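Structural overview
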Amino acid sequence: MDDLLKLFVEMENVEYSEEQYYQDLLSFAKTLQIKNNSKRDGWISDQVKRSYNSYTSDEIEEFLAQPRENEKQLREVARYLENTSQVFQRVIGYLPNINMICPIVIPTRPEQLKTINVQYEQVCNYMGLLNLPHNLLQVYRVCFREDIFYGLEYETKDAYFIKQLDPDYCRISSVEYGSYVFQMDMSYFDNAKNNDVDIELLDEYEQYIPSFFKKAYNAYKADSNLKWVELPGQNTICIKLKEELDYCYPPFASVYRDIQDIEEYKSLAMVSEEQANYKIIGFKIPRLDSSRSDRTDNFAIKLSTAKLFFDITRNSLSDSVGMFYSPMDFEPISFAGTNTNSRNRVKEATDQLYDSLGFSKLLFNSDSATTLQYSIKLDEAMLFALNRQVETWVSRKLIYNFKGNFRCQFIDATALNRTELADQYLKAATYGIPSVVHLCAILGINQVDMMALNYLQNNMLDIANQFIPLSSSNTQSGMAGGEDENGRPKTDKPTESTVANQESGTDAEKKASNV
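Below: a short report on this structure.

**Some remarks on helix 12 (residues 303-315)**
- Look at helix 12: 18 Å from first C-alpha to last across 13 residues, which is about the 18 Å you get at 1.5 Å a residue.
- Taken as a whole, helix 12 has its buried residues at L303, T305, A306 and F310. The buried residues of helix 12 occupy an angular sector of 155° when projected down its axis, which confines them to one face.

**A word on the packing of helix 4 (residues 71-84) against helix 8 (residues 137-146)**
- Between helix 4 and helix 8, whose axes approach to 9 Å, the crossing angle comes to 115°. Classified by the interaxial angle, the pair formed by helix 4 and helix 8 is roughly perpendicular. Mapping the contact onto sequence places R75, A78, R79 and E82 in helix 4 and R141, R145 and E146 in helix 8.
- Its residues placed into classes, the contact of helix 4 with helix 8 shows one nonpolar, no polar and six charged.

**What about the packing of aromatic side chains?**
- Considering all chains together, one arrives at 18 aromatic pairs under this definition.
- Ring geometry for Y169 versus Y188: centroids 5.1 Å apart, planes at 65°, classification edge-to-face. With Y169 in the loop between strand 4 (160-164) and strand 5 (170-176) and Y188 in the loop between strand 6 (179-185) and helix 9 (201-206), this residue pair connects regions lying 19 residues apart in the sequence.
- Here Y169 falls in the partly exposed class, since its relative accessible area comes to 28%.
- Aromatic pair Y188 and F189: ring centres 5.4 Å apart, planes at 80°, arrangement edge-to-face.
- Ring pairing ties together the aromatic residues Y154, F161, Y169, Y188, F189, Y205, Y208, F212, F213, Y217 and Y220, which thus form one cluster.
- Above the ring of W228, the side-chain terminus of R171 is found at 4.2 Å from the ring centroid.

How each quantity is defined
Residues numbered from 1 in each chain as written. Predicted model: local features only at pLDDT ≥ 70, side-chain atom pairs only at ≥ 80, totals over all residues. Heavy atoms only, no water. Helix = DSSP H or I, 4+ residues; strand = E, 2+ residues; numbered from the N terminus. Expected span 1.5 Å × (residues − 1). Buried < 20%, exposed > 50% of the residue type's maximum accessible area, 1.4 Å probe, protein only. Arc of directions from axis to C-beta. Axes fitted to C-alpha atoms, helices over the stretch in contact; angles between N-to-C directions. Parallel < 35°, antiparallel > 145°, perpendicular 65-115°, else oblique. Contact = heavy atoms within 4.5 Å. Nonpolar A, V, L, I, M, F, W, Y, C, P; charged D, E, K, R; others polar. Phe/Tyr/Trp six-rings, centres within 6.5 Å; stacked < 30°, edge-to-face > 60°. Lys NZ or Arg CZ within 6 Å of the ring centre and 35° of its normal.

Purely spatial values, then, with no claim about function.
Here it is in C-alpha coordinates:
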(Lines give C-alpha, C1' and ligand atoms only; values in the text may rest on other atoms or scores of the structure.)
Protein backbone atom coordinates (compact mmCIF):
# COMPACT_ATOMS: atom_id res chain seq x y z
CA MET A 1 0.00 0.00 0.00
CA ASP A 2 2.87 2.41 0.78
CA ASP A 3 4.41 1.74 -2.64
CA LEU A 4 1.08 2.48 -4.29
CA LEU A 5 0.70 5.84 -2.50
CA LYS A 6 4.27 6.72 -3.41
CA LEU A 7 3.47 5.98 -7.05
CA PHE A 8 0.44 8.30 -6.95
CA VAL A 9 2.53 11.16 -5.49
CA GLU A 10 5.12 10.76 -8.22
CA MET A 11 2.41 10.76 -10.90
CA GLU A 12 0.94 13.98 -9.54
CA ASN A 13 4.33 15.72 -9.54
CA VAL A 14 5.01 14.85 -13.19
CA GLU A 15 3.78 17.37 -15.77
CA TYR A 16 1.29 15.74 -18.22
CA SER A 17 2.31 17.16 -21.63
CA GLU A 18 0.30 17.00 -24.86
CA GLU A 19 2.65 14.41 -26.33
CA GLN A 20 2.46 12.25 -23.23
CA TYR A 21 -1.33 12.48 -23.31
CA TYR A 22 -1.59 11.11 -26.85
CA GLN A 23 1.01 8.44 -26.18
CA ASP A 24 -0.96 7.43 -23.10
CA LEU A 25 -4.18 7.40 -25.15
CA LEU A 26 -2.58 5.24 -27.90
CA SER A 27 -1.20 2.81 -25.33
CA PHE A 28 -4.59 2.64 -23.66
CA ALA A 29 -6.32 1.89 -27.00
CA LYS A 30 -3.84 -0.91 -27.76
CA THR A 31 -4.46 -2.38 -24.33
CA LEU A 32 -8.21 -2.41 -24.93
CA GLN A 33 -7.71 -4.09 -28.31
CA ILE A 34 -5.59 -6.83 -26.76
CA LYS A 35 -8.14 -7.41 -24.00
CA ASN A 36 -11.02 -7.61 -26.49
CA ASN A 37 -9.16 -10.13 -28.64
CA SER A 38 -8.17 -12.35 -25.72
CA LYS A 39 -11.45 -12.22 -23.83
CA ARG A 40 -13.83 -14.91 -25.06
CA ASP A 41 -17.35 -14.75 -23.75
CA GLY A 42 -18.60 -17.22 -26.34
CA TRP A 43 -20.57 -19.09 -23.71
CA ILE A 44 -22.93 -16.12 -23.50
CA SER A 45 -24.65 -17.35 -26.65
CA ASP A 46 -27.65 -19.50 -27.52
CA GLN A 47 -25.84 -21.00 -30.52
CA VAL A 48 -24.96 -24.63 -29.83
CA LYS A 49 -23.34 -26.70 -32.53
CA ARG A 50 -25.41 -29.71 -33.62
CA SER A 51 -23.41 -32.83 -34.48
CA TYR A 52 -23.83 -36.60 -34.49
CA ASN A 53 -20.33 -37.94 -34.06
CA SER A 54 -18.77 -37.13 -37.45
CA TYR A 55 -22.12 -36.52 -39.20
CA THR A 56 -23.88 -33.19 -39.59
CA SER A 57 -27.57 -32.57 -39.16
CA ASP A 58 -28.06 -32.33 -42.92
CA GLU A 59 -26.34 -35.68 -43.43
CA ILE A 60 -28.64 -37.29 -40.87
CA GLU A 61 -31.62 -35.95 -42.77
CA GLU A 62 -30.27 -37.55 -45.93
CA PHE A 63 -29.68 -40.88 -44.18
CA LEU A 64 -33.26 -40.94 -42.92
CA ALA A 65 -34.59 -40.04 -46.36
CA GLN A 66 -32.64 -42.89 -48.01
CA PRO A 67 -32.27 -45.61 -45.35
CA ARG A 68 -31.62 -48.45 -47.80
CA GLU A 69 -28.41 -46.81 -49.05
CA ASN A 70 -27.30 -45.67 -45.57
CA GLU A 71 -27.80 -48.68 -43.28
CA LYS A 72 -24.23 -48.50 -41.98
CA GLN A 73 -24.39 -44.78 -41.19
CA LEU A 74 -27.72 -45.11 -39.33
CA ARG A 75 -26.26 -47.88 -37.19
CA GLU A 76 -23.24 -45.73 -36.37
CA VAL A 77 -25.45 -42.86 -35.28
CA ALA A 78 -27.48 -45.20 -33.06
CA ARG A 79 -24.32 -46.48 -31.35
CA TYR A 80 -23.00 -42.96 -30.87
CA LEU A 81 -26.24 -41.71 -29.32
CA GLU A 82 -26.42 -44.72 -27.01
CA ASN A 83 -22.93 -43.91 -25.72
CA THR A 84 -23.50 -40.17 -25.33
CA SER A 85 -27.20 -39.71 -24.51
CA GLN A 86 -28.61 -41.08 -21.27
CA VAL A 87 -32.13 -40.55 -22.61
CA PHE A 88 -31.47 -42.62 -25.73
CA GLN A 89 -29.71 -45.29 -23.67
CA ARG A 90 -32.78 -45.68 -21.47
CA VAL A 91 -35.04 -45.82 -24.52
CA ILE A 92 -32.92 -48.55 -26.13
CA GLY A 93 -32.73 -50.58 -22.91
CA TYR A 94 -36.35 -50.13 -21.84
CA LEU A 95 -37.94 -53.17 -23.53
CA PRO A 96 -34.90 -55.53 -23.36
CA ASN A 97 -34.46 -54.80 -19.65
CA ILE A 98 -38.07 -55.49 -18.66
CA ASN A 99 -38.16 -58.65 -20.77
CA MET A 100 -38.14 -61.96 -18.88
CA ILE A 101 -36.82 -64.72 -21.10
CA CYS A 102 -38.84 -67.76 -19.96
CA PRO A 103 -38.42 -70.64 -22.45
CA ILE A 104 -40.09 -74.01 -22.03
CA VAL A 105 -39.90 -77.12 -24.25
CA ILE A 106 -43.03 -78.94 -25.36
CA PRO A 107 -43.21 -82.36 -27.10
CA THR A 108 -44.49 -82.13 -30.67
CA ARG A 109 -45.54 -85.76 -31.18
CA PRO A 110 -48.23 -86.84 -28.69
CA GLU A 111 -48.12 -90.43 -29.92
CA GLN A 112 -44.54 -90.76 -28.66
CA LEU A 113 -45.03 -89.26 -25.21
CA LYS A 114 -44.59 -92.59 -23.43
CA THR A 115 -41.26 -93.30 -25.12
CA ILE A 116 -39.45 -89.94 -24.95
CA ASN A 117 -38.84 -89.65 -21.21
CA VAL A 118 -35.08 -90.01 -21.63
CA GLN A 119 -34.98 -87.60 -24.54
CA TYR A 120 -37.09 -85.12 -22.58
CA GLU A 121 -34.45 -85.03 -19.86
CA GLN A 122 -31.78 -84.56 -22.54
CA VAL A 123 -33.55 -81.63 -24.18
CA CYS A 124 -34.14 -80.00 -20.79
CA ASN A 125 -30.44 -80.32 -20.00
CA TYR A 126 -29.64 -78.87 -23.43
CA MET A 127 -31.85 -75.84 -22.76
CA GLY A 128 -30.01 -75.34 -19.48
CA LEU A 129 -26.71 -75.40 -21.38
CA LEU A 130 -27.92 -72.69 -23.78
CA ASN A 131 -28.64 -70.38 -20.80
CA LEU A 132 -30.96 -68.31 -22.97
CA PRO A 133 -31.95 -65.72 -20.31
CA HIS A 134 -28.33 -64.57 -20.29
CA ASN A 135 -27.19 -65.13 -23.88
CA LEU A 136 -30.24 -63.57 -25.53
CA LEU A 137 -30.05 -60.29 -23.63
CA GLN A 138 -27.48 -58.86 -26.06
CA VAL A 139 -29.58 -60.10 -28.99
CA TYR A 140 -32.64 -58.17 -27.85
CA ARG A 141 -30.64 -55.05 -27.08
CA VAL A 142 -28.90 -54.97 -30.46
CA CYS A 143 -32.18 -55.56 -32.27
CA PHE A 144 -33.79 -52.57 -30.58
CA ARG A 145 -30.73 -50.46 -31.35
CA GLU A 146 -29.86 -51.54 -34.90
CA ASP A 147 -32.84 -53.65 -36.05
CA ILE A 148 -30.82 -56.82 -36.75
CA PHE A 149 -28.47 -59.16 -34.94
CA TYR A 150 -26.01 -61.50 -36.65
CA GLY A 151 -24.32 -64.01 -34.38
CA LEU A 152 -22.00 -66.99 -34.42
CA GLU A 153 -22.53 -69.73 -31.85
CA TYR A 154 -19.81 -71.47 -29.89
CA GLU A 155 -21.07 -74.70 -28.44
CA THR A 156 -19.45 -77.59 -26.58
CA LYS A 157 -20.90 -80.16 -24.19
CA ASP A 158 -20.09 -77.85 -21.27
CA ALA A 159 -20.28 -74.30 -22.64
CA TYR A 160 -22.29 -72.10 -24.97
CA PHE A 161 -22.18 -68.43 -25.96
CA ILE A 162 -23.01 -66.18 -28.90
CA LYS A 163 -20.49 -63.90 -30.62
CA GLN A 164 -21.94 -60.88 -32.40
CA LEU A 165 -20.74 -60.37 -35.97
CA ASP A 166 -20.19 -57.06 -37.71
CA PRO A 167 -23.44 -56.31 -39.59
CA ASP A 168 -21.46 -54.38 -42.21
CA TYR A 169 -20.14 -57.73 -43.46
CA CYS A 170 -23.36 -59.78 -43.23
CA ARG A 171 -26.62 -60.02 -45.15
CA ILE A 172 -29.71 -62.26 -45.00
CA SER A 173 -29.68 -64.92 -47.73
CA SER A 174 -32.42 -67.47 -46.98
CA VAL A 175 -34.85 -68.94 -44.44
CA GLU A 176 -34.51 -72.37 -42.86
CA TYR A 177 -37.24 -73.87 -40.66
CA GLY A 178 -38.79 -70.43 -40.37
CA SER A 179 -35.61 -68.71 -39.17
CA TYR A 180 -33.12 -66.57 -41.09
CA VAL A 181 -29.82 -67.80 -42.54
CA PHE A 182 -27.22 -65.24 -43.63
CA GLN A 183 -24.08 -64.79 -45.67
CA MET A 184 -20.78 -63.28 -44.55
CA ASP A 185 -18.31 -61.21 -46.57
CA MET A 186 -14.95 -62.98 -46.59
CA SER A 187 -13.12 -59.70 -47.16
CA TYR A 188 -13.62 -59.20 -43.44
CA PHE A 189 -10.60 -61.44 -42.93
CA ASP A 190 -8.32 -59.32 -45.13
CA ASN A 191 -7.32 -57.59 -41.93
CA ALA A 192 -5.42 -60.33 -40.16
CA LYS A 193 -5.09 -58.31 -36.96
CA ASN A 194 -7.49 -59.12 -34.13
CA ASN A 195 -8.20 -56.38 -31.61
CA ASP A 196 -9.93 -58.71 -29.14
CA VAL A 197 -7.48 -61.58 -28.66
CA ASP A 198 -3.86 -62.21 -29.51
CA ILE A 199 -4.56 -64.51 -32.47
CA GLU A 200 -5.45 -63.90 -36.09
CA LEU A 201 -9.08 -63.50 -37.06
CA LEU A 202 -9.19 -66.67 -39.11
CA ASP A 203 -7.73 -68.72 -36.29
CA GLU A 204 -10.32 -67.34 -33.88
CA TYR A 205 -13.27 -68.01 -36.18
CA GLU A 206 -12.04 -71.52 -36.93
CA GLN A 207 -12.83 -72.33 -33.30
CA TYR A 208 -16.51 -71.72 -33.96
CA ILE A 209 -16.85 -73.77 -37.16
CA PRO A 210 -13.71 -75.89 -37.69
CA SER A 211 -12.29 -76.00 -41.26
CA PHE A 212 -14.97 -73.66 -42.59
CA PHE A 213 -13.69 -70.09 -42.62
CA LYS A 214 -10.16 -70.84 -43.83
CA LYS A 215 -11.54 -72.90 -46.69
CA ALA A 216 -14.04 -70.18 -47.63
CA TYR A 217 -11.44 -67.42 -47.37
CA ASN A 218 -8.92 -69.28 -49.54
CA ALA A 219 -11.63 -69.81 -52.15
CA TYR A 220 -12.40 -66.07 -52.08
CA LYS A 221 -8.71 -65.20 -52.54
CA ALA A 222 -8.63 -67.47 -55.58
CA ASP A 223 -11.89 -66.12 -57.01
CA SER A 224 -13.26 -62.73 -55.89
CA ASN A 225 -16.74 -63.77 -57.03
CA LEU A 226 -16.88 -66.08 -54.02
CA LYS A 227 -16.81 -63.12 -51.67
CA TRP A 228 -20.14 -63.89 -49.97
CA VAL A 229 -20.44 -67.27 -48.25
CA GLU A 230 -23.54 -68.60 -46.50
CA LEU A 231 -22.89 -69.75 -42.94
CA PRO A 232 -24.53 -72.98 -41.70
CA GLY A 233 -27.76 -72.47 -39.80
CA GLN A 234 -26.70 -74.98 -37.14
CA ASN A 235 -24.02 -72.54 -35.92
CA THR A 236 -25.61 -69.13 -36.42
CA ILE A 237 -28.38 -66.87 -35.22
CA CYS A 238 -30.03 -64.05 -37.15
CA ILE A 239 -32.87 -62.05 -35.60
CA LYS A 240 -34.47 -59.04 -37.29
CA LEU A 241 -36.92 -56.81 -35.48
CA LYS A 242 -38.56 -55.22 -38.52
CA GLU A 243 -39.26 -58.32 -40.60
CA GLU A 244 -41.54 -56.38 -42.92
CA LEU A 245 -38.58 -54.40 -44.33
CA ASP A 246 -36.08 -55.90 -46.75
CA TYR A 247 -33.39 -53.54 -45.45
CA CYS A 248 -32.15 -52.66 -41.97
CA TYR A 249 -33.65 -49.63 -40.29
CA PRO A 250 -32.96 -48.92 -36.59
CA PRO A 251 -36.37 -48.87 -34.85
CA PHE A 252 -35.73 -45.52 -33.13
CA ALA A 253 -33.95 -43.78 -36.03
CA SER A 254 -36.87 -41.40 -36.50
CA VAL A 255 -36.16 -39.78 -33.11
CA TYR A 256 -32.46 -39.03 -33.72
CA ARG A 257 -33.30 -35.36 -34.20
CA ASP A 258 -35.46 -35.27 -31.08
CA ILE A 259 -32.61 -36.72 -29.04
CA GLN A 260 -30.25 -34.07 -30.34
CA ASP A 261 -32.80 -31.34 -29.62
CA ILE A 262 -32.87 -32.40 -25.98
CA GLU A 263 -29.09 -32.23 -25.74
CA GLU A 264 -29.10 -28.79 -27.39
CA TYR A 265 -31.74 -27.43 -25.04
CA LYS A 266 -29.82 -28.78 -22.06
CA SER A 267 -26.78 -26.87 -23.26
CA LEU A 268 -28.91 -23.76 -23.73
CA ALA A 269 -30.29 -24.12 -20.20
CA MET A 270 -26.75 -24.32 -18.85
CA VAL A 271 -25.76 -21.25 -20.85
CA SER A 272 -28.77 -19.37 -19.54
CA GLU A 273 -27.94 -20.39 -15.98
CA GLU A 274 -24.44 -19.01 -16.39
CA GLN A 275 -25.82 -15.84 -17.88
CA ALA A 276 -28.10 -15.38 -14.87
CA ASN A 277 -25.06 -15.48 -12.59
CA TYR A 278 -22.92 -13.25 -14.80
CA LYS A 279 -22.22 -9.70 -13.58
CA ILE A 280 -20.61 -6.72 -15.29
CA ILE A 281 -18.93 -3.78 -13.55
CA GLY A 282 -18.39 -0.54 -15.44
CA PHE A 283 -15.53 1.88 -14.75
CA LYS A 284 -16.42 5.41 -15.79
CA ILE A 285 -13.39 7.55 -16.55
CA PRO A 286 -14.24 11.09 -15.47
CA ARG A 287 -13.85 13.96 -17.97
CA LEU A 288 -13.29 17.67 -17.54
CA ASP A 289 -15.81 20.17 -18.82
CA SER A 290 -15.04 20.64 -22.54
CA SER A 291 -15.81 24.38 -22.28
CA ARG A 292 -12.86 24.77 -19.91
CA SER A 293 -10.40 22.71 -21.91
CA ASP A 294 -8.83 22.81 -25.36
CA ARG A 295 -9.37 19.04 -25.80
CA THR A 296 -12.74 17.53 -26.75
CA ASP A 297 -12.26 14.48 -24.52
CA ASN A 298 -10.14 15.73 -21.69
CA PHE A 299 -10.01 13.02 -19.00
CA ALA A 300 -9.79 14.18 -15.44
CA ILE A 301 -7.30 11.44 -14.62
CA LYS A 302 -4.49 9.90 -16.56
CA LEU A 303 -5.47 6.81 -18.54
CA SER A 304 -2.52 4.97 -17.04
CA THR A 305 -4.03 5.69 -13.62
CA ALA A 306 -7.41 4.32 -14.78
CA LYS A 307 -5.70 1.21 -16.14
CA LEU A 308 -3.81 0.72 -12.88
CA PHE A 309 -6.97 0.72 -10.79
CA PHE A 310 -8.75 -1.42 -13.37
CA ASP A 311 -6.05 -4.10 -13.20
CA ILE A 312 -6.08 -4.04 -9.40
CA THR A 313 -9.83 -4.58 -9.35
CA ARG A 314 -9.72 -7.21 -12.11
CA ASN A 315 -7.22 -9.32 -10.21
CA SER A 316 -9.43 -9.36 -7.14
CA LEU A 317 -12.58 -10.58 -8.95
CA SER A 318 -13.56 -13.99 -10.32
CA ASP A 319 -13.99 -14.76 -14.01
CA SER A 320 -17.78 -14.71 -13.61
CA VAL A 321 -17.61 -10.92 -13.22
CA GLY A 322 -16.89 -8.83 -16.31
CA MET A 323 -15.42 -5.30 -16.37
CA PHE A 324 -15.23 -2.49 -18.87
CA TYR A 325 -14.18 1.18 -19.23
CA SER A 326 -16.53 3.91 -20.34
CA PRO A 327 -16.32 7.70 -20.49
CA MET A 328 -20.14 7.79 -20.67
CA ASP A 329 -22.92 7.07 -18.20
CA PHE A 330 -24.42 3.56 -18.42
CA GLU A 331 -27.40 1.70 -17.07
CA PRO A 332 -27.13 -1.32 -14.73
CA ILE A 333 -26.63 -4.56 -16.69
CA SER A 334 -28.27 -7.79 -15.54
CA PHE A 335 -28.84 -11.19 -17.15
CA ALA A 336 -31.16 -12.62 -14.49
CA GLY A 337 -34.42 -14.24 -15.58
CA THR A 338 -33.29 -15.39 -19.05
CA ASN A 339 -33.06 -19.12 -18.28
CA THR A 340 -36.73 -20.02 -17.73
CA ASN A 341 -37.51 -20.41 -21.41
CA SER A 342 -34.53 -22.72 -22.00
CA ARG A 343 -35.54 -24.99 -19.11
CA ASN A 344 -39.07 -25.22 -20.50
CA ARG A 345 -37.64 -26.18 -23.86
CA VAL A 346 -35.85 -29.16 -22.33
CA LYS A 347 -39.10 -30.45 -20.84
CA GLU A 348 -41.02 -29.85 -24.05
CA ALA A 349 -38.37 -31.60 -26.15
CA THR A 350 -38.33 -34.60 -23.78
CA ASP A 351 -42.11 -34.89 -23.86
CA GLN A 352 -42.05 -34.65 -27.63
CA LEU A 353 -39.46 -37.43 -27.78
CA TYR A 354 -41.65 -39.86 -25.82
CA ASP A 355 -44.63 -38.92 -27.99
CA SER A 356 -42.59 -39.72 -31.09
CA LEU A 357 -41.52 -43.06 -29.63
CA GLY A 358 -45.02 -44.02 -28.60
CA PHE A 359 -43.79 -44.60 -25.03
CA SER A 360 -45.56 -43.07 -22.06
CA LYS A 361 -43.36 -40.49 -20.37
CA LEU A 362 -44.73 -41.77 -17.06
CA LEU A 363 -42.52 -44.84 -17.50
CA PHE A 364 -39.44 -42.72 -16.98
CA ASN A 365 -40.80 -40.45 -14.25
CA SER A 366 -42.30 -40.94 -10.81
CA ASP A 367 -45.81 -39.80 -11.74
CA SER A 368 -48.75 -42.18 -12.16
CA ALA A 369 -51.79 -42.36 -14.40
CA THR A 370 -54.64 -44.78 -14.97
CA THR A 371 -53.79 -45.08 -18.67
CA LEU A 372 -50.21 -46.14 -17.96
CA GLN A 373 -51.06 -49.86 -17.87
CA TYR A 374 -52.53 -49.72 -21.37
CA SER A 375 -49.47 -47.91 -22.70
CA ILE A 376 -47.26 -50.62 -21.19
CA LYS A 377 -49.29 -53.36 -22.88
CA LEU A 378 -48.72 -51.72 -26.26
CA ASP A 379 -44.99 -51.56 -25.58
CA GLU A 380 -44.92 -55.20 -24.51
CA ALA A 381 -46.65 -56.24 -27.74
CA MET A 382 -43.57 -55.12 -29.67
CA LEU A 383 -41.41 -57.26 -27.41
CA PHE A 384 -43.68 -60.30 -27.69
CA ALA A 385 -43.53 -60.14 -31.48
CA LEU A 386 -39.76 -60.50 -31.24
CA ASN A 387 -40.25 -63.46 -28.87
CA ARG A 388 -42.07 -65.35 -31.64
CA GLN A 389 -39.07 -65.01 -33.92
CA VAL A 390 -36.58 -66.04 -31.24
CA GLU A 391 -38.57 -69.11 -30.23
CA THR A 392 -38.65 -70.14 -33.91
CA TRP A 393 -34.85 -70.00 -33.95
CA VAL A 394 -34.63 -72.10 -30.75
CA SER A 395 -37.11 -74.61 -32.21
CA ARG A 396 -34.86 -74.87 -35.27
CA LYS A 397 -31.97 -75.82 -32.99
CA LEU A 398 -34.14 -78.52 -31.42
CA ILE A 399 -34.93 -79.84 -34.90
CA TYR A 400 -31.20 -80.13 -35.63
CA ASN A 401 -30.41 -81.84 -32.33
CA PHE A 402 -33.58 -83.79 -31.40
CA LYS A 403 -35.19 -84.57 -34.76
CA GLY A 404 -38.10 -82.23 -34.21
CA ASN A 405 -39.58 -84.11 -31.27
CA PHE A 406 -39.75 -80.89 -29.26
CA ARG A 407 -40.43 -77.24 -29.84
CA CYS A 408 -39.68 -74.15 -27.77
CA GLN A 409 -42.22 -71.72 -26.42
CA PHE A 410 -41.40 -68.32 -24.88
CA ILE A 411 -43.81 -67.15 -22.21
CA ASP A 412 -44.71 -63.52 -22.81
CA ALA A 413 -43.60 -62.33 -19.39
CA THR A 414 -42.03 -59.04 -18.39
CA ALA A 415 -41.01 -57.49 -15.10
CA LEU A 416 -44.21 -55.43 -15.30
CA ASN A 417 -46.74 -58.23 -15.88
CA ARG A 418 -44.95 -61.02 -14.01
CA THR A 419 -47.20 -61.02 -10.93
CA GLU A 420 -50.40 -60.84 -12.95
CA LEU A 421 -49.27 -63.68 -15.23
CA ALA A 422 -48.18 -65.87 -12.31
CA ASP A 423 -51.60 -65.46 -10.68
CA GLN A 424 -53.25 -66.38 -13.96
CA TYR A 425 -51.28 -69.63 -14.34
CA LEU A 426 -51.71 -70.49 -10.65
CA LYS A 427 -55.47 -70.10 -10.92
CA ALA A 428 -55.49 -72.24 -14.06
CA ALA A 429 -53.48 -74.95 -12.28
CA THR A 430 -56.07 -75.14 -9.48
CA TYR A 431 -58.65 -76.14 -12.11
CA GLY A 432 -56.45 -78.94 -13.47
CA ILE A 433 -55.05 -77.06 -16.47
CA PRO A 434 -51.41 -78.19 -17.09
CA SER A 435 -49.82 -74.80 -16.42
CA VAL A 436 -47.37 -75.65 -13.62
CA VAL A 437 -44.43 -75.66 -16.05
CA HIS A 438 -45.39 -72.16 -17.22
CA LEU A 439 -45.71 -70.97 -13.63
CA CYS A 440 -42.29 -72.34 -12.70
CA ALA A 441 -40.72 -70.67 -15.74
CA ILE A 442 -42.12 -67.29 -14.69
CA LEU A 443 -40.72 -67.85 -11.20
CA GLY A 444 -37.28 -68.48 -12.70
CA ILE A 445 -37.33 -72.28 -12.33
CA ASN A 446 -36.42 -74.03 -15.57
CA GLN A 447 -37.57 -77.55 -16.35
CA VAL A 448 -34.36 -79.22 -15.18
CA ASP A 449 -34.48 -77.39 -11.85
CA MET A 450 -38.18 -78.16 -11.61
CA MET A 451 -37.56 -81.92 -11.83
CA ALA A 452 -34.63 -81.73 -9.41
CA LEU A 453 -36.44 -79.60 -6.83
CA ASN A 454 -39.57 -81.73 -7.07
CA TYR A 455 -37.57 -84.89 -6.33
CA LEU A 456 -35.71 -83.13 -3.54
CA GLN A 457 -38.91 -81.88 -1.93
CA ASN A 458 -40.98 -85.07 -2.13
CA ASN A 459 -38.47 -87.93 -2.06
CA MET A 460 -35.44 -86.73 -0.16
CA LEU A 461 -36.74 -84.11 2.25
CA ASP A 462 -40.32 -85.47 2.45
CA ILE A 463 -41.48 -81.94 3.17
CA ALA A 464 -45.18 -82.86 3.25
CA ASN A 465 -44.68 -85.14 6.27
CA GLN A 466 -41.51 -83.90 7.91
CA PHE A 467 -42.04 -80.14 7.85
CA ILE A 468 -44.73 -79.87 10.57
CA PRO A 469 -45.72 -76.29 11.40
CA LEU A 470 -45.58 -75.14 15.05
CA SER A 471 -48.81 -75.37 17.03
CA SER A 472 -50.73 -72.11 17.25
CA SER A 473 -54.27 -70.80 17.08
CA ASN A 474 -53.84 -70.56 13.30
CA THR A 475 -52.99 -74.25 12.91
CA GLN A 476 -55.32 -75.83 15.54
CA SER A 477 -58.95 -76.77 14.88
CA GLY A 478 -59.95 -77.04 18.57
CA MET A 479 -59.52 -79.14 21.69
CA ALA A 480 -60.10 -82.80 21.04
CA GLY A 481 -62.80 -84.42 23.19
CA GLY A 482 -64.41 -81.15 24.27
CA GLU A 483 -68.06 -80.25 23.87
CA ASP A 484 -67.28 -77.45 21.41
CA GLU A 485 -64.08 -77.75 19.47
CA ASN A 486 -64.49 -74.49 17.58
CA GLY A 487 -65.14 -70.89 18.54
CA ARG A 488 -64.34 -69.01 21.71
CA PRO A 489 -64.73 -70.65 25.14
CA LYS A 490 -68.22 -70.40 26.68
CA THR A 491 -68.86 -68.33 29.82
CA ASP A 492 -71.13 -69.00 32.78
CA LYS A 493 -72.39 -65.42 32.78
CA PRO A 494 -73.76 -64.59 29.31
CA THR A 495 -74.56 -61.01 28.41
CA GLU A 496 -78.12 -59.68 28.07
CA SER A 497 -77.80 -59.58 24.28
CA THR A 498 -76.68 -63.21 24.24
CA VAL A 499 -79.71 -64.28 26.31
CA ALA A 500 -82.06 -62.30 24.05
CA ASN A 501 -80.62 -63.94 20.94
CA GLN A 502 -80.95 -67.40 22.48
CA GLU A 503 -84.60 -66.78 23.38
CA SER A 504 -85.48 -65.44 19.94
CA GLY A 505 -83.91 -68.44 18.20
CA THR A 506 -81.75 -68.66 15.10
CA ASP A 507 -82.73 -67.57 11.61
CA ALA A 508 -83.29 -71.18 10.62
CA GLU A 509 -85.61 -71.75 13.58
CA LYS A 510 -87.58 -68.61 12.73
CA LYS A 511 -88.08 -69.72 9.15
CA ALA A 512 -89.18 -73.17 10.31
CA SER A 513 -91.76 -71.68 12.68
CA ASN A 514 -93.25 -69.53 9.90
CA VAL A 515 -93.82 -72.46 7.55
